[in-house]
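Geometric and topological summary
Each chain, letter by letter, is given below.
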Amino acid sequence: MGSTPICISRMRSSVHYLIFNSLRSCLGLATSMSQETQLKRQGIAASGGVCRGRVHLLDKKHLHVPQHRVSKDQLEAELSRFESAIVQTRKELKAMHQSLKEKVGSQHADIFEAHLMVLEDAALLQETHQMVRDNGCNVEHAYWSISEKYARAFEAMEDDYLRERAVDLRDVSQRVLTQLMGQQDDMRLYQLKVPSIVVGHDLTPSMTAMLDRNMVLGFATDVGSQTSHTAILARALQIPAVVGLHNISQQLREDDFVLLDGYNGMVVQNPSDQILFEYGQFIRMHEDQEARLAKVRDLPAITLDDHPVALEANLDQPEDAAAILKQGADGVGLFRSEYLFLNQTQWPDEATQAQAYQSVVETLPRRPVTIRTLDLGADKLSHLVHSGEESNPALGFRAIRISLAREDIFQTQLRAILRASHHGQLRVMFPMVTSLEELEGSLRHLEACKAQLQAEGTPYDDDIQVGVMIETPAAAMIVDELAEKVDFVSIGTNDLIQYAMAVDRTNDLIAGLYQPTHPAIIRLISQVTQRAHAAGTQVGVCGEMAGEPVMVPLLIGLGVDELSVAPPLVPRVKYLIRRLKLEEARDFAAKALKMSTSAEILQATQGLVRRLVPEIMPMNTHDLSTL
């Protein structure tokens, strides 16, 4: 064997290729490395890429917030100190925004615009001021208490994206508290002398933004998700990352040798020579996949026998709309309007909402944009909805139930949507509908808003399409009646599975019972498509099932007309659709409907997709023989 060192690639042109010579001699590795036990740890794939190197371990930082009394004559001075900390933190965030903008462009740098909004959130600031004055306490304790209250509210949310906003809030609050307490950031992360794989309990978005790509090969954390701003920044910076590894920061030691697989969410401690070799093949295969997917991004999503499938993307915030164009989506199948209602001291007004919706349709001209009306529970809007504590918020006062109970709030949102419809191809969709009466009530409000705008001379699209979400067994059972009243229905598979299977997918004890391929779920979807089509109504899927390649042929075969997925998944789903025949999908779905177990259906779908598109199926850890 020669003496060439080994590098493992990041994505595309920015990555290095694996070279498989002198595996043990590189980086001073002795031959005894192969005698150490190889250990695999599975987490969540947050940012694609593979790297190997020595571990740099981050200490878990504990911020000890003091609590003490402040005399009345010192309260104003205490609040003045708070204002100074806010001003200084604002300067830091703006500097980070500019630095990141130079690295990866304004789209991803705008994450820190969101941090600035958190910093200047009126509710958070007002409540901190009030607590200092009412309780006579120091501002550090007041600010920490109030910010933690909101952070815990975010953490309790069912939606992954919204739940991750707790991390952003804590990132900002920690910066403010650091200023108040006269502390400094731990600079060791930014002053690495040797390229390393960073391992820690968590990385905040601000820490991630400041990483040196030449020194940080990748990172692994105990906590986190694919939808976190930390993960988004890692992808933008092209730094491989694995999150959700539970306690890896306690299991690894400084200078341990690891391989990090950001595609499959895996970390291997003391990887064998064979694993390093097999990962070299994996990297080459992935680069070939990316090249294939790039060729179909701007092509239509149409099957081999000319059956078109509307392939759209899910959208969380208006500033993310541009990314949807880059991925080749046909439009927005689900725009979550909830972000406008969170962390507000009052309900967002009509003009604010209309501007947000208008900005999206103007970014996506001639493409449909489907706005889902408010889909949060009263427990997440406790500062706006005073309904009392609920023992089971998931089955309580939420979504369309709040909208119908608060007609003023509902009509404000509907008027804003209608006003924005004048500027593009907008659709409106009602969530969590469980009865015909709820749908009819919603439609009456929509017609009332149209009449108001017409009387005012305000332009809007009188033919705006209306849809309803099918998220409960109740809605699925009466979909024929619902479909008669609307232009389209969209199956929210995340909630449908949860409610049909009586399983909380965020509960680790029963997470295995959350089975998208359970025969009951497949039959419910089939029933929805058949009955909706009988009424002449289109059917979409906007849950996570739509973005799973192995589920796509089954969904199309069951009669689904439209798929709405996370933007990065659009090219892969489109590639699969273009290699599929509708008739083959229908035949497969008919067989799946006769199967008896979730495992049987899943195995069959995996087999079909691997046969159709083996060249783009992600290589998973089970394909690596020595693991």
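Below, the structure is looked at part by part.

Rules behind the numbers
- Note that residues are indexed from 1 along each chain, following the sequence as it is written.
- The predicted nature of this model means local features are confined to residues of pLDDT at least 70 and side-chain atom pairs, given and counted, to a pLDDT of 80 or more, with totals for whole chains, interfaces and linings taken over all residues.
- Water and hydrogen atoms play no part in the side-chain values, which are based on all heavy atoms of the structure.
- Two strands are said to pair when DSSP picks up at least two bridges between them.
- Each helix corresponds to a stretch of at least 4 residues labelled H or I by DSSP, and each strand to a stretch of at least 2 residues labelled E; elements are numbered beginning at the N terminus.
- To obtain each axis, a line is fitted to C-alpha atoms, and for helices this fit is confined to the stretch in contact; angles are then taken between N-to-C directions over 0 to 180 degrees.
- Residue exposure (1.4 Å probe, protein chains only): buried if accessible area is under 20% of the type maximum, exposed if over 50%, otherwise partly exposed.
- With the strands pointing away from the viewer, any crossover whose connection runs clockwise from the first strand over the helix to the second is right-handed.
- Relative orientations are named as follows: roughly parallel for angles under 35 degrees, roughly antiparallel for angles over 145 degrees, roughly perpendicular for angles from 65 to 115 degrees, and oblique for any other angle.
- Should the near helix be turned anticlockwise from the far one by less than a right angle, the crossing is left-handed, and should it be turned clockwise, the crossing is right-handed.
- Should any heavy atoms of two residues lie within 4.5 Å, those residues are considered in contact.
- Nonpolar residues are Ala, Val, Leu, Ile, Met, Phe, Trp, Tyr, Cys and Pro. Charged residues are Asp, Glu, Lys and Arg, and all others, Gly as well, are polar.
- Here, expected helix span is obtained from the residue count minus one, scaled by 1.5 Å.
- We call two N or O atoms a polar contact when they sit within 3.5 Å, provided that within protein one can donate a hydrogen and the other can accept it, with sequence-adjacent residues counted only if both atoms are side-chain atoms.

Notes on the sheet that holds strand β13 (residues 465-470)
The sheet built from 8 strands closes into a barrel, its strands ordered β9-β10-β11-β12-β13-β14-β15-β16 with parallel pairing. Pairs of neighbouring strands in the sheet enclose a mean axial angle of 30°, with direction left out of account. Bridging between strand β12 (residues 426-430) and β13 involves 4 bridges; their strand directions are parallel. Bridged to M429 within β13 is G467.

Overview of the pairing of strand β9 (residues 310-315)
Within β9, 5 of the 6 residues are buried, which leaves the element mostly enclosed by the surrounding structure. In this structure, β9 lies alongside strand β16 (residues 562-565), joined through 4 bridges in parallel fashion. Residue pairing for β16: A310 is matched across the bridge by E562. Examined bridge by bridge, β9 and strand β10 (residues 332-336) share 3 bridges and lie parallel to one another. By the bridge assignment for β10, N314 is matched with L334. For the crossover from β9 across helix α12 (residues 321-326) to β10, the handedness is right-handed.

What to know about the packing of helix α4 (residues 122-135) against helix α5 (residues 139-155)
Contact geometry for α4 and α5: axes closest at 9 Å, N-to-C directions at 135°. Relative to α5, α4 is oriented oblique. Where α4 crosses over α5, the two elements pack in a sense that is right-handed. Residues A123, L124, E127, T128, M131 and V132 of α4 touch α5, and the partners they reach there are V139, H141, A142, Y143, S145, I146, S147, K149 and Y150. For the contact of α4 with α5, the residue count by class is 9 nonpolar, 4 polar and 2 charged.

Structural notes on helix α13 (residues 350-363)
With 14 residues, α13 extends 20 Å between its outermost C-alpha atoms, agreeing within 8% with the 20 Å of an ideal straight helix rising 1.5 Å per residue. All of the buried residues along α13 are E350, Q353, A354, A356, Y357, Q358, V360 and V361. In the core, the buried residues of α13 are packed alongside β9, α12, β10, β11 (369-372), α15 (407-421) and β12. Its side-chain oxygen 3.4 Å from the backbone nitrogen of A351, D349 forms the N-cap of α13.

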